[in-house]
Amino acid sequence: MYSIILATASKYLLLLLQMFSVFLLFRGHNEPGGGFVGGLVAAAAYALYFIANGIGKAEKLLAIDPFHLISAGLLLALSSTLPGLAAGGDVMTGIWIDTGIPLLGKVGTPLVFDTGVYFLVLGITLKIIFSLAEEDRQ
Amino acid sequence: MTFLLALVIGCLYAAGIFLILRRSMVKVIFGLILLGHAANLLIFTVGRLTKGVPAFVPEGSAVLGGEFADPLPQALILTAIVIGFGVQAFTIVLFKRTWLTLGTEDLDLMKKTDELPRE
Amino acid sequence: MNQINQIIIIPVLLPLASAIAMIFFRRSVPLQRIIGLVSSTLMLAAAVWILGAVISGGMLTMQAGGWRAPFGITLVADLLSAVMIAASALIGLTTVIYSFAVIDKEREKFFYYPLLQLLMMGINGAFLTGDVFNLYVWFEVMLISSFVLLVLGGTPAQLEGAIKYVTINLLSSSVFLAAAGILYGIAGTLNMADLARISPQLEQKELLAIVSILFMITFGVKAAVFPFFFWLPASYHTPPIPVAAIFSGLLTKVGVYALIRFFTTVFPHESGFINGVLLVASALTMLIGVLGAVAQYDIRKLLSFHIVSQIGYMIFGLALHSPLAIAGALFYIVHNIIAKTNLFYISGMIERITGTFDLKKSGGVYARYPFVAVLFLVSALALAGIPPLSGFWAKFVVIKAGLGAEEYIVTGVAIFVSLLTLFSMMKIWNEAFWKEQPQTVAADAPNRYASMGTAGKLMLVSPVILLALASILFGIFFEPVFRIAESAAVQLLDPESYITPILGRKE
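This one's a predicted model, so the numbers in the text were calculated from it and none came from an experiment.

1. Details of the overall build of chain C
Reasoning step 1: Helix and strand counts for chain C come out as 22 helices and two strands.
Reasoning step 2: The globule rule puts the C-alpha radius of gyration for 507 residues at 23 Å, and the 22 Å found for chain C is close to it.
Reasoning step 3: Across its three principal axes, chain C shows a C-alpha extent of roughly 75 × 55 × 40 Å.
Reasoning step 4: Here chain C holds 507 residues, and 64% of them are scored as buried.
Reasoning step 5: Partitioning the contacts of chain C with sequence separation of at least 6, the portion at a separation of at least 24 is 79%.

In structure tokens form, the structure reads like this:
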């Protein structure tokens, strides 16, 4: 099934949804949002693209193996736990830096952790969707 | 409100248990999902329903004032939802793969691993 | 802030870090093997370090993120946790080495080694956490990795076994979640130390009893206690041998660990009724498990039923609830982790040599490889409880505690069951080692062991030798090992010794 309207719309929606997912990720610390939701929205964007254009194109668009997203996400999350230890506190102690940049505000290790979650959720969800869609390829 | 939620939880548990006792794999997975929801709602309800503000300490003071909603049950539920999402997604993939490999979704027919081999 | 406390994060972070590295190098299996070997060796070293630190300096505690207990995530290593970590690290290392020899290329390419590491992370986390909800999270980490390891390869039998394993474990997880939720509703905390302090003063006794029953059910499923064990023999014989070995060695023991932790430390005052239930359950677990084993002719299924039967002894020790009995249960756990895993390894070797797991078709191993027979005898007799091996002391202590508590019927069952255990071990001995392999089978069963290279043979045999040695050493140097178990039991039965290092002294 191929719908030209959906295929065209999904291209723009993909961009919009991705921007929205990043927005969700950054506002997540003090307001509803965060890495998990952001990652799900980003994965949903790709899922929409896949429904409209087929699995082959969606994988080509992603251009990166979902497993690399998973390991990158895990690595980010893991690395965010260590600065606290280096600073003499316990593992996972939050370290905050005030950048003074208006939009960014204070950044710290929890944001790194959340970004890790974002990539992890994106990678796992895409992997599951792609492997469920496996037989569509034939 | 608590009574209403208790009713909903009871219905979810009943429906979930009914579904996991069915022979069809698809119904079993729906049952597991419903049981997960029931457990989440249960945490939400027994963690006290308070109509209050989020538990943020207001600026300029050191302690929480007035009524506030307990954030811990919400954190627990959030974690449980995330874990449930992962596990259920895996289960769906597993059940689909099983259906493709064994050619059936009737759980009653899947007893090879329990039987003693025939002479 | 004592810096030595920070080492207890190693058993969680090290496997995670190595799993990440392995996923990055997913194309290169040799690199994954090296990372796996190095990280498992480091893990064993760290586990021994932690055990040494706990024995010499008392409990280690850490508050993740610097949030003070009971508000934050607490990691605790008391003597029990430290011993379990050390035993699981030993099994982790041997499983990685054994896997080098037998795991096929397909599985190796599909994240076999990272999954093993994630499984170890979940197991270690479950041993170390000091928080009920975190225990749930670690259980899930462990379960998800075990799900994938179980189905890796995707043969029909594996999928069929996995359906049962996954469904029943998800069910028990949802019971766990509900129990944790209700517990929070009653007590307002999920920190184990805090619960141990608060639970005696709670007024809603009935609700607390319900919660403890729910916990007993959920951990009973994980530990494969009667009547919740049917998923185990239905699934554990389906995956490749190293996977089955690590599952049988560690996963059910995490359930037993949780039972011990909950009904000694967390609910010390709920244990009267629970102990009665556990006592009956333990007798039935021992008996039904071993009866199932006696009927089987597939080595892996036979051993799977034995896991169930052996769990009964540990639960028996817990149900007696005296310092001696719990010390016996702890010693039993460590002994069983080693002996049971080793028997699974040896069953893999038998399959390599004779080409089958079916005892009727198998045979002639003693004539061809006497040293395999010796290794088998060490582990089998240890499991059955023949002196001077580790199993004898383990059973001796538990049975002595049973007689001391005047539970003659269950103690009688325990003795009877160990006879049947010996019987079924002798069955493996007679069928696989002693008798000639039937001619019809021998003709078309290639000896895959003989065609392995020297390195492969070494990787196959060295874990088995290591674990057999451990069984013998635990038997000979019983006393110092048992003294550790005894002080762990004393620690467990005195909640205050668990609470004070975490929450500080009561005002």
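2. Some thoughts on the interface of chain C and chain B
Reasoning step 1: With 29 residues of chain C at the interface, the matching set in chain B holds 30 residues.
Reasoning step 2: Those elements giving two or more residues to the side of chain C that touches chain B turn out to be helix 6 (132–151), helix 7 (156–187) and helix 10 (231–235) of chain C.
Reasoning step 3: The leading source of residues in the side of chain C that touches chain B is helix 7 of chain C, at 18 residues.
Reasoning step 4: The residue makeup of the side of chain C that touches chain B, split by class, is 19 nonpolar, eight polar and two charged.

3. Structural notes on the environment of Ile 299 of chain C
Residues and elements named next belong to chain C.
Reasoning step 1: Topologically, Ile 299 is positioned in helix 13 (residues 299–320).
Reasoning step 2: We classify Ile 299 as buried; it has 25 C-beta atoms within 10 Å.
Reasoning step 3: Taking the C-alpha atoms as reference points, Ile 299 and Thr 264, separated by 35 residues in sequence, lie 36 Å from one another.
Reasoning step 4: With residues up to four places along the chain from it excluded, the contact list for Ile 299 reads Ser 347, Ile 350, Phe 357, Leu 359 and Ile 428.

4. Let's talk about the interface of chain C and chain A
Reasoning step 1: Counting residues at the interface gives 14 residues for chain C and 13 residues for chain A.
Reasoning step 2: Counting only elements with at least two residues in the side of chain C that touches chain A, the list comes to helix 1 (10–24) and strand 1 (60–64) of chain C.
Reasoning step 3: Among the elements that make up the side of chain C that touches chain A, the one with the highest residue count is helix 1 of chain C (six residues).
Reasoning step 4: Partitioning the side of chain C that touches chain A into residue classes produces nine nonpolar, four polar and one charged.

5. Considerations on the pairing of strand 1 of chain C
Residues and elements named next belong to chain C.
Reasoning step 1: In terms of residue burial, strand 1 counts as a mostly covered element, since five of its five residues are buried.
Reasoning step 2: The two faces of strand 1 match: Leu 60, Met 62 and Ala 64 on one face and Thr 61 and Gln 63 on the other face are all buried.
Reasoning step 3: Pairing analysis gives five bridges linking strand 1 to strand 2 (residues 73–77), with the strands arranged antiparallel. Residue pairing across strands places Gln 63 opposite Thr 74, the latter belonging to strand 2.

6. Focus: the nonpolar core
Residue and element names in this part refer to chain C.
Reasoning step 1: Judged by nonpolar contacts, the single largest core of 265 residues is most densely connected at Val 83, Leu 330 and Val 398.
Reasoning step 2: Here this core gets 19 residues from one element, more than from any other, and that element is helix 14 (residues 323–354).
Reasoning step 3: Other than its neighbours up to four places away in sequence, Val 398 contacts Tyr 313, Phe 316, Gly 317, Ala 325, Gly 328, Ala 329, Tyr 332 and Ala 414.

7. Some remarks on the confidence of the model for chain A
Reasoning step 1: The share of residues in chain A with pLDDT of 70 or more is 88%, and the mean pLDDT across the chain is 81.
Reasoning step 2: Ranking the elements of chain A by mean pLDDT puts strand 1 (residues 96–98) of chain A last with 70 and helix 2 (residues 35–53) of chain A first with 88.

8. Description of unusual backbone geometry
Across residues other than glycine, the phi torsion is negative in most instances, and most of the peptide bonds are trans.
All names here are of chain C.
Reasoning step 1: The peptide bond linking Phe 226 to Pro 227 adopts the cis configuration, its omega dihedral lying at 0°.
Reasoning step 2: Position of Pro 227 relative to the elements: it lies in the loop between helix 9 (205–223) and helix 10.
Reasoning step 3: That bond from Pro 387 to Pro 388 is cis: its omega, 5°, falls within 30 degrees of zero.
Reasoning step 4: Looking at the element boundaries, Pro 388 is found in the loop between helix 16 (370–384) and helix 17 (390–404).

9. Topic: the environment of Ser 471 of chain C
Residues and elements named next belong to chain C.
Reasoning step 1: Relative to the assigned elements, Ser 471 resides in helix 20 (residues 454–476).
Reasoning step 2: With 21 C-beta atoms counted inside 10 Å, the residue Ser 471 sits in the buried group.
Reasoning step 3: In sequence terms Ser 471 and Leu 389 are 82 residues apart; their C-alpha atoms lie 6.2 Å from each other.
Reasoning step 4: Not counting the four nearest positions on each side in its chain, Ser 471 is found in contact with Ile 338, Ala 339, Val 378, Ser 379, Ala 382, Leu 389 and Ser 390.

10. Structural notes on helix 7 of chain C
Reasoning step 1: The end-to-end C-alpha distance of helix 7 of chain C is 46 Å, a good match for the 46 Å that 32 residues give at a rise of 1.5 Å each.
Reasoning step 2: Taking burial as the measure, the 32 residues of helix 7 of chain C include 27 buried ones, the bulk of the element.

11. Some points on the packing of helix 3 (residues 79–102) of chain C against helix 14 of chain C
All names here are of chain C.
Reasoning step 1: Interaxial distance between helix 3 and helix 14 falls to 10 Å at its minimum, and their mutual angle equals 5°. Between helix 3 and helix 14, the angle is such that the two are roughly parallel. Touching Leu 80, Val 83, Ala 87, Ile 91, Tyr 98 and Val 102 of helix 3 are Leu 330, Val 334, Ile 337, Thr 341, Tyr 345 and Gly 348, all from helix 14.
Reasoning step 2: The residue makeup of the contact of helix 3 with helix 14, split by class, is ten nonpolar, two polar and no charged.

12. Side note on the packing of helix 2 of chain A against helix 3 (residues 55–62) of chain A
Residue and element names in this part refer to chain A.
Reasoning step 1: It is at 7 Å that the axes of helix 2 and helix 3 come closest, and there the two elements cross at 140°. In this view, helix 2 runs oblique relative to helix 3, as classed from their interaxial angle. Judged by the sense of rotation from one axis to the other, the crossing of helix 2 with helix 3 is right-handed. Residue-level contacts link Tyr 46, Tyr 49, Phe 50 and Asn 53 of helix 2 to Ile 55, Lys 57, Ala 58, Leu 61 and Leu 62 of helix 3.

13. Considerations on the confidence of the model for chain C
Reasoning step 1: Confidence in the prediction for chain C averages 87 pLDDT; 97% of positions are at 70 or higher.
Reasoning step 2: Ranking the helices and strands of chain C by mean pLDDT puts helix 5 (residues 112–128) of chain C first, with 92, and helix 19 (residues 439–443) of chain C last, with 71.

Quick notes on the rules
Residues numbered from 1 in each chain as written. Chains lettered and ligands numbered in written order. Predicted model: local features only at pLDDT ≥ 70, side-chain atom pairs only at ≥ 80, totals over all residues. Helix = DSSP H or I, 4+ residues; strand = E, 2+ residues; numbered from the N terminus. Rg over C-alpha atoms; globule rule 2.2 N^0.38 Å. Buried ≥ 20, exposed ≤ 12 C-beta atoms within 10 Å, placed from the backbone. Contact = placed C-beta atoms within 7 Å. Nonpolar A, V, L, I, M, F, W, Y, C, P; charged D, E, K, R; others polar. Pairing = 2+ DSSP bridges. Core = buried A, V, L, I, M, F, W, Y, C linked by C-beta atoms within 7 Å. pLDDT = per-residue confidence, 0-100. Expected span 1.5 Å × (residues − 1). Axes fitted to C-alpha atoms, helices over the stretch in contact; angles between N-to-C directions. Parallel < 35°, antiparallel > 145°, perpendicular 65-115°, else oblique. Left-handed = near helix turned anticlockwise from the far one by under 90°.

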